[in-house]
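Architecture and fold: a report
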Amino acid sequence: MEIKDLKALVKMITDTDITEFEMENEEEKILIKRGKEQEVIHISSPAAPQYMQPAAQAPAAPAPAAASTHEEPAPAVNDAYEAITSPIVGTFYRAPAPDADPYVEVGSIVEKGQVLCIVEAMKLMNEIEVEFKCKVIEIVKQNAEPVEFGDVLFRVERL
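Quick look at the structure, then. Keep in mind the model is a prediction, meaning the values are calculated, not measured.

Notes on the environment of Thr19
Mapped onto the secondary structure, Thr19 falls in the loop between helix 1 (3-14) and strand 1 (20-24). In the structure, Thr19 is positioned 15 residues away from Arg34 in sequence and 4.9 Å away in space, judged by C-alpha atoms. If we ignore the near neighbours within four places in the chain, the residues touching Thr19 are Ile32, Lys33 and Arg34.

This is the structure:
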């Protein structure tokens, strides 16, 4: 399968409510399962099998230990802010190239359709665009950090 076809397939699946997709021919087999608890992408061919099976997503904020006497302040999360999450498993990049400026910074005002970052998945660079006009309040992930499906990438204030 060509890279452009695979990229289109991943985009189609992430843009719809499809939770399972399977395709097989004499050269390769593609199986993609996704949902709240896990996302599995399995591609195999006789020459080079590839497997990507991330662990199920952990809760967003683990409960503090009950026996702890020293209480650390939790990061303040204002309900007025919305989370922009990763639609796929991959690697988070803030800029289009290592020597380029980041797409956005904290405080940036972004328009609907503007690219916020890239999530690389299986050597495909997937641009993550904002779906509404907003102001970037927090950039949650670090550049080149691995991300899971549903991980919060940015906190934004809708404008």
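Remarks on the sheet that holds strand 5 (residues 82-85)
Strand order across the open sheet formed by four strands is 5-12-10-7, with antiparallel pairing between neighbours. Looking at which strands have only one partner, the edges of the open sheet turn out to be strand 5 and strand 7 (109-110). The pairing of strand 7 with strand 10 (residues 134-139) spans two bridges and is antiparallel. Note that in strand 10 the partner of Val110 across the bridge is Cys134.

Definitions and limits used
- Residues numbered from 1 in each chain as written.
- Predicted model: local features only at pLDDT ≥ 70, side-chain atom pairs only at ≥ 80, totals over all residues.
- Heavy atoms only, no water.
- Helix = DSSP H or I, 4+ residues; strand = E, 2+ residues; numbered from the N terminus.
- Contact = heavy atoms within 4.5 Å.
- Pairing = 2+ DSSP bridges.

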